[in-house]
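Report on the structure
This is what each chain is made of:
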Amino acid sequence: MASRTSLSRIGGRDVFEKCYKFMTADNARAMGVYPFFRPLDFNNGPEAQLEGRKVIMLGSNNYLGLTTHPKVREAAKNAIDKYGTSMTGSRLVNGSMRLHNELEQKLAAYHGKEAGLVFTTGYQVNIATISALLSNKKSVAVIDKDDHASIYDGVRLGQAAGARMVRYRHNDPEALDQALSELDTSEGALVITDGVFSAQGEIANLPGIASVVKKHKARLLVDDAHALGVIGPGGRGTAAHFGVADQVDLIGGTFSKSLASIGGWLVGERKVLDYIQHFAYSFLFAASAAPPSVAAAMAALEVMQEEPERQEKLRENFTYMRNELRRLGFELGKTETAVIPIYIRDDLRTVMMWKTLLDEHSIYVNPFITPGVPPKQQVLRTSYMATHERHHLDRALEAFEKVGKKFGVIS
Ligand code: PMP
């Protein structure tokens, strides 16, 4: 007779158990202070609509305001008419079309690199690139501790294949130097940093990092998601900003910010990209970027170059906000770009300020709270667009001043 004990051992703990016990979101919803997954009615630029109410949008990565640009819309619509809505296959097989290759060539030429590769998301760029390059057992990833989640996930996949991960102190070339000096890098080292850090808006010290990478004969991958269109001549990003593009082996990014679409990109040496496209499972076995997404990104890249005044206006807007917010007494960290975090350093206060800004002033910002950020790093993340006008920014500043005083963040 099968004993009860042996039967009860079959199965064991239910993997759904933690889901049934997860109450944080439900509790916050019940209290009316849940800030996430709220569907916008429209997100057309500096003014959006949330649950029937107009809001000033300070929470979008549509840096150049191109999601509604006539040429970009037109390109996406034409691509649907011409090619349909999806390639329904991966790049390896039926998912590639000349449109992908054309954009790859344009991105490579724009960055002055030999070749380009188009992905389905920016997240996939990091997962695919990093895991493919770390597939050698004992190769090592050396990453900034504040790198984006997709970089961490790419490294984790590499770790599953035997690679190691070492984190260095945030944006500190000396710490990187020390880490590389202490490591056995005989099986190769890949250093990875955000070009512009996504929560802080801070620019990576690429000249310092690149020279350390060179000294140790490692390779350097820069994630320029928040830099393209924002910094550097012609919006070319962090490496171009410092004039060190020739010292960065691989530059990657997303279509989901300045390029007003969805997808990702990587530029570098042809042989390296060819290897990645043959060895990264997350690239090989995922459907390719859809034609309207690729066409929209291509049009946005063109508009970016045809209308350099957008980058100028963006810079004017974020510089104005950085100066004015500092003048009001807010702590902004080291931002120099279109992402301006307002440090609150407390979960409840961050959420209450987010709610007051939205409910009482119709200002939309993104609260970053734990566990999404480490304790004491909670911020209201604000981000700016070329299409914000001064009256939007002044209305936001008025609201920030009132709410900042109400919650004792400024005096
Ligand atoms: N890298 C960074 C630095 C990002 O901020 C993001 C998205 N926020 C990504 C990668 C992922 O890009 P995507 O949204 O295209 O998946």
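Please refer to the structure placed before this passage.
Keep in mind the model is a prediction, meaning the values are calculated, not measured.

Reading the values: rules and limits
Residues numbered from 1 in each chain as written. Predicted model: local features only at pLDDT ≥ 70, side-chain atom pairs only at ≥ 80, totals over all residues. Pairing = 2+ DSSP bridges. Helix = DSSP H or I, 4+ residues; strand = E, 2+ residues; numbered from the N terminus. Axes fitted to C-alpha atoms, helices over the stretch in contact; angles between N-to-C directions. Parallel < 35°, antiparallel > 145°, perpendicular 65-115°, else oblique. Left-handed = near helix turned anticlockwise from the far one by under 90°. Contact = placed C-beta atoms within 7 Å. Nonpolar A, V, L, I, M, F, W, Y, C, P; charged D, E, K, R; others polar. Buried ≥ 20, exposed ≤ 12 C-beta atoms within 10 Å, placed from the backbone. Arc of directions from axis to C-beta. Expected span 1.5 Å × (residues − 1). Near = placed C-beta within 6 Å.

1. Thoughts on the sheet that holds strand β2 (residues 47–50)
- Here we have four strands laid out as an open sheet, ordered β1-β2-β3-β12, and mixed in their pairing. Only two strands of the sheet have a single partner each, and these edge strands are β1 (40–43) and β12 (363–364).
- The sheet contact formed by strand β3 (residues 53–57) and β12 spans two bridges and is parallel. Within β12, the position partnered with isoleucine 56 by the bridge is isoleucine 363.

2. Concerning the pairing of β1
- Note that β1 and β2 share three bridges and pair antiparallel. Bridged to phenylalanine 42 within β2 is glutamine 49.
- In textbook terms, the turn of a hairpin is the stretch between consecutive antiparallel strands, and for β1 and β2 this stretch comprises three residues, one of which, glycine 45, has a positive phi near 145 degrees.

3. A look at the packing of helix α15 (residues 347–361) against helix α16 (residues 390–406)
- Orientation of α15 relative to α16, taken along the N-to-C sense of each, is 135 degrees, at an axis distance of 10 Å. Compared by their axis directions, α15 and α16 come out oblique. Read as a crossing pair, α15 and α16 show a hand that is right-handed. Mapping the contact onto sequence places Met353, Thr356, Leu357 and His361 in α15 and Ala399, Val403 and Lys406 in α16.
- Across the contact of α15 with α16, the residue classes tally to four nonpolar, two polar and one charged.

4. A word on the pairing of strand β11 (residues 339–343)
- Here β11 lies mainly inside the structure; four of its five residues are buried.
- Across five bridges, β11 lies against strand β14 (residues 379–383) in antiparallel orientation. Bridge pairing links tyrosine 343 to valine 379 in β14.

5. Brief notes about helix α11 (residues 270–279)
- Along α11, the residues classified as buried are Leu273, Ile276 and Gln277. Each buried residue of α11 sits inside an arc of 95 degrees when the element is viewed along its axis, so together they form one side. The exposed residues of α11 that point more than 90 degrees off its buried face are Lys271, Asp274 and His278.
- Tucked inside the fold, the buried residues of α11 contact β4 (115–119), α6 (122–133), β10 (264–268) and α12 (281–284).

6. A short note on α15
- Between its first and last C-alpha, α15 extends 20 Å over 15 residues, near the 21 Å set by a 1.5 Å rise per residue.
- Looking only at α15, the buried set comprises Thr350, Val351, Met353, Trp354, Leu357 and Leu358. The buried residues of α15 occupy one face: seen down the axis, they fall within an arc of 160 degrees. Within α15, the exposed residues directed more than 90 degrees away from the buried face are Leu348, Asp359 and Glu360.
- On its buried face, α15 sits against β3, β12, β13 (366–368), β14 and α16.
- Residue serine 362 follows α15 closely and has a positive phi angle near 55 degrees.

7. Brief notes about the site of the ligand
- The ligand sits among 13 residues. The nearest are Thr121, Gly122, Tyr123, Ala225 and Thr254.
- By residue class, the composition of the shell around the ligand is two nonpolar, nine polar and two charged.

8. Focus on unusual backbone geometry
- Omega for the bond connecting threonine 370 with proline 371 falls within 30 degrees of zero, at 5 degrees, which places this linkage in the cis form.
- Along the chain, proline 371 turns up in the loop between β13 and β14.
- In this structure, threonine 88 takes a positive phi of about 45 degrees despite not being glycine.
- Take threonine 88: it is sitting in the loop between α4 (70–83) and α5 (98–111).
- Taking the number of C-beta atoms within 10 Å as the measure of exposure, threonine 88 has 11 and is therefore exposed.
- Not every positive phi belongs to a glycine, and lysine 376 is a case in point at roughly 75 degrees.
- On the secondary structure map, lysine 376 appears in the loop between β13 and β14.

The values reported here are purely geometric and, on their own, carry no functional implication.
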